[in-house]
Amino acid sequence: MRVAVIGTGHVGLITCVSMAEVGHDVAGMDADPDKMASLAAGVMPFYEPGVGELLRSNVAAGRLRFTPDTADAVAGADVVFICVGTPPRASGEANLLAVEHAARAVAVVATGPLVVAQKSTVPAGSAHRLRRTMALARPDLADGFHVVSNPEFLREGHALEDALRPERLLVGAESVRGHEVMRQLYLPFTAAGAPLIETDIHSAELAKHASNAFLSMKISFANALARIAELADADVEAIVDVMGADARIGREFLGAGLGYGGYCFPKDLVAFQHLAATLGYDFGLLREVAKINDEAVEAAVAKVREALWNLEAKRVALLGLSFKPETDDIRFSPSLVVARRLIESGAEVIGFDPQAGESVRAEVPDLELAADPYEAARGAHCLVLGTGWEEFRSLDWDKLAELVAFPIVVDGRNFLDPAEVTAAGFTYHAMGRPTVAPAPPG
Ligand code: NAD
């Protein structure tokens, strides 16, 4: 089938690559012309494991191309995906201006009937608005526009795996034609075992927000437990292991630490709360989830402060800056909130991240960047682990002990092995876990 993808960011590019990989003929379009030129040359605009190879092979095979021209992308397409950004407004409401612009631009250049699949995360009711926008722009084609909601569930860092072998596909539509075309489009995935869930359009839109809100709630639940565990001299990791052994609860996402970040959870939670309020329901639970998430970062900063007393003229090495491992995405990164708080309090912060280095400069100009964890640690009064990158599991703690000014670690992700860290002479502080003093020599 012929597929056009409007917006080729984290979601749109993965959509382009996965659709081309299963044999569809795909054209990607983005408002950023530089991105179009570099993608056409096979250059990835961000770090996402495995995607670059498939981008290049599908471009070379002629199944995937990029164009800054909407008309060129949309001409002859069976399905147009809308994958543009939906950033939060100051009120918390999702800003849907890019979605409206993209929908209108598609309608204006459409050459015939189309299925428009909304992949950006939008509040319930948006698909109807989208269809109305398109119909107003092209009254002659109004009956031929079938808008469907097709929320994206990919996880950054595992995006390719999630796109090629999805746990579930979700399509909400209000026309038989919309469902039929999407069924055909996803046939290569469903034939390989991916379940396709079909719903009405509002339920699909709500299901995406509900899923993200629930996952955020699980993280905040673990973080609230961490605060209680600290007060009760208990270990949150032991508690969540016990809870997670219950299949009804599950261990995944029951993780205490600095809390959630990224481009989805924080903004989607607030947007969902805003939507609920607009519809007349006060979803107070979500307010608490966000509050507990903010407190998680503050708890980590308080641990550094407790360990170092005054932060002025203290040097803190921050390991991991991206919002989670396996991505260079720093949008709403909790680690960067820690950096800002420490800098505001007078500390000098030197950060290291395996992938997210350069983009951080603009975001937190006062954060110094190191080329590796050891350079970051040199002369540091405290090491803070901000993101649980797998490569931090093999840090040489004896070498770090020789480089630091004070042997103190604050593990913001409960990620490190306390025995290994304390054996090298460090005092180990974690989130919701007892502090462990350095192991005695020998
Ligand atoms: P992104 O910022 O990485 O990409 C958005 C792209 O849209 C950019 O390349 C931008 O240049 C382009 N764009 C903006 N306006 C445009 C327009 N009018 N026409 C053409 N292109 C335009 O954002 P993202 O992370 O890909 O997120 C996109 C949507 O998908 C959001 O609604 C997000 O909530 C949702 N989502 C994101 C993820 C994720 O993990 N990032 C997962 C699921 C859903």
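If you're wondering where the values come from, they're calculated on a predicted model, not measured in any experiment. (Residues numbered from 1 in each chain as written. Predicted model: local features only at pLDDT ≥ 70, side-chain atom pairs only at ≥ 80, totals over all residues. Heavy atoms only, no water.)

1. Notes on helix H2 (residues 33–40)
Line of reasoning, step 1. Structurally, the start of H2 carries an N-cap: the backbone nitrogen of Asp34 is 3.0 Å from a side-chain oxygen of Asp32.
Line of reasoning, step 2. Positive backbone phi, approximately 85 degrees, marks Gly42, located one or two places after H2. (Polar contact = N/O pair within 3.5 Å; in protein donor to acceptor, adjacent residues only side chain to side chain. Helix = DSSP H or I, 4+ residues; strand = E, 2+ residues; numbered from the N terminus.)

2. A look at the pattern of salt bridges
Line of reasoning, step 1. Tallied over the full model, the rule gives 28 salt bridges.
Line of reasoning, step 2. Asp268 is paired through a salt bridge with Lys267; the nearest N and O atoms lie 2.9 Å apart. Summarising the burial analysis for this pair, Asp268 and Lys267 share the class buried.
Line of reasoning, step 3. Note that Lys291 is salt-bridged to Glu288, the shortest N-O span being 3.8 Å. You can see Lys291 and its partner Glu288 sitting in helix H13 (residues 284–308), 3 residues apart, about one turn around the helix.
Line of reasoning, step 4. Of the residues examined, Lys291 reaches a relative accessible area of 43% and is grouped as partly exposed.
Line of reasoning, step 5. Beyond isolated ion pairs, a larger network of salt bridges with shared partners links Arg155, Glu161 and Asp162. (Salt bridge = Lys/Arg side-chain N within 4 Å of Asp/Glu carboxyl O. Buried < 20%, exposed > 50% of the residue type's maximum accessible area, 1.4 Å probe, protein only.)

3. Things to note about the side chain of Gln273
Line of reasoning, step 1. Turning to its location among the elements, Gln273 is positioned in helix H12 (residues 265–279).
Line of reasoning, step 2. Judged by its relative accessible area of 18%, Gln273 falls in the buried class.
Line of reasoning, step 3. Setting aside residues no more than four positions away along its own chain, Gln273 makes contact with Phe283, Leu286 and Arg287. (Contact = heavy atoms within 4.5 Å.)

4. Comments concerning the nonpolar core
Line of reasoning, step 1. Ranked by size, the top nonpolar core spans 36 residues in total, and within it Phe81, Met182 and Tyr186 carry the most contacts.
Line of reasoning, step 2. Broken down by element, the residue count for this core peaks at 6 residues, all from helix H1 (residues 10–21).
Line of reasoning, step 3. Of all hydrophobic cores here, the second largest spans 29 residues; its members include Leu258, Ala300, Leu318 and Leu321. (Core = buried A, V, L, I, M, F, W, Y, C linked by side-chain atoms within 4.5 Å.)

5. A look at the packing of aromatic side chains
Line of reasoning, step 1. As enumerated under the stated definition, the model contains 8 aromatic pairs in all.
Line of reasoning, step 2. Pairing Tyr47 with Trp389 gives two aromatic rings, centres 6.5 Å apart and planes at 40 degrees, and the pair type is tilted. Taken together, the residues span a long stretch of sequence, with Tyr47 in the loop between H2 and helix H3 (51–60) and Trp389 in the loop between strand E12 (382–385) and helix H17 (397–403) at a distance of 342 residues.
Line of reasoning, step 3. Exposure remark for Tyr47: the relative accessible area of 25% places this residue in the partly exposed category.
Line of reasoning, step 4. On the numbers, 5.7 Å between centres and 75 degrees between planes, the contact of Tyr281 with Phe283 is edge-to-face.
Line of reasoning, step 5. Relative accessible area serves as the criterion here: at 52%, Tyr281 is assigned to the exposed category. (Phe/Tyr/Trp six-rings, centres within 6.5 Å; stacked < 30°, edge-to-face > 60°.)

6. Quick word on the environment of Gly76
Line of reasoning, step 1. Following the sequence through the fold, Gly76 ends up in the loop between helix H4 (70–74) and strand E4 (79–82).
Line of reasoning, step 2. Taking the relative accessible area as the measure of exposure, Gly76 reaches 38% and is therefore partly exposed.
Line of reasoning, step 3. Between the C-alpha atoms of Gly76 and Ala276, which are 200 residues apart in sequence, the distance is 38 Å.

7. Some words on a negative patch on the surface
Line of reasoning, step 1. A cluster of like negative charges, contributed by Asp396, Asp398, Glu402, Asp417 and Glu420, occupies part of the molecular surface.
Line of reasoning, step 2. Structurally, Glu402 can be placed in helix H17. (Patch = residues over 30% accessible without salt bridge, like charges linked within 9 Å, V, L, I, M, F, W, Y side chains within 5 Å. Areas by Shrake-Rupley, 256 points an atom, 1.4 Å probe, with all protein chains shown as cover. Lys, Arg positive; Asp, Glu negative; His and termini not counted. Charge placed at Lys NZ, Arg CZ, Asp CG, Glu CD.)

8. Re the sheet that holds strand E10 (residues 348–352)
Line of reasoning, step 1. The sheet built from 6 strands is open, its strands ordered E11-E10-E9-E12-E13-E14 with parallel pairing. Edge strands, defined here as strands with exactly one partner in the open sheet, are strand E11 (368–369) and strand E14 (427–430).
Line of reasoning, step 2. Both E10 and E11 contribute to a ladder of 2 bridges, which runs parallel. In the strand pairing of E11, Gly351 is matched with Leu369. (Pairing = 2+ DSSP bridges.)

9. What to know about the sheet that holds strand E2 (residues 25–29)
Line of reasoning, step 1. Across the sheet, which stays open at both edges, the 8 strands sit in the order E3-E2-E1-E4-E5-E6-E7-E8 with mixed pairing between neighbours. What marks the edges here is a single partner per strand, and that holds for strand E3 (64–67) and strand E8 (196–199). In this sheet, neighbouring strand axes are inclined to one another by 25 degrees on average, regardless of whether the strands run parallel or antiparallel.
Line of reasoning, step 2. Bridge count between strand E6 (residues 145–149) and strand E7 (residues 169–173): 2 bridges; the pairing is antiparallel. By the bridge assignment, Ser149 is partnered in E7 with Gly172.
Line of reasoning, step 3. Its contacts with the sheet place helix H5 (residues 97–109) against strand E1 (2–6), E4, strand E5 (114–118) and E6, and it is angled at close to 160 degrees to E4.
Line of reasoning, step 4. This element, helix H6 (residues 126–137), spans E5 and E6 of the sheet and lies at about 160 degrees to E6. (Axes fitted to C-alpha atoms, helices over the stretch in contact; angles between N-to-C directions.)

10. Side note on the domain arrangement of the chain
Line of reasoning, step 1. In terms of domain boundaries, the chain breaks down into domain 1 (2–199) and domain 2 (234–442).
Line of reasoning, step 2. Taken over C-alpha atoms, the centre of domain 1 sits 34 Å from the centre of domain 2.
Line of reasoning, step 3. Across the contact, 18 residues belong to domain 1 and 17 residues belong to domain 2.
Line of reasoning, step 4. Interface of domain 1 and domain 2: buried area, both sides summed, is about 1400 Å²; carbon and sulfur atoms make up 55% of it.
Line of reasoning, step 5. Of the charged contacts, one joins Arg331 and Glu156 as a salt bridge, the two residues approaching to 3.8 Å between their closest N and O atoms.
Line of reasoning, step 6. The interface formed by domain 1 and domain 2 includes 6 residue pairs in polar contact (both at pLDDT 80 or more).
Line of reasoning, step 7. Within the side of domain 1 that touches domain 2, the residues separate by chemical class into 8 nonpolar, 7 polar and 3 charged. (Domains from an automatic or database assignment. Buried area = accessible area lost by both parts, 1.4 Å probe. Nonpolar A, V, L, I, M, F, W, Y, C, P; charged D, E, K, R; others polar.)

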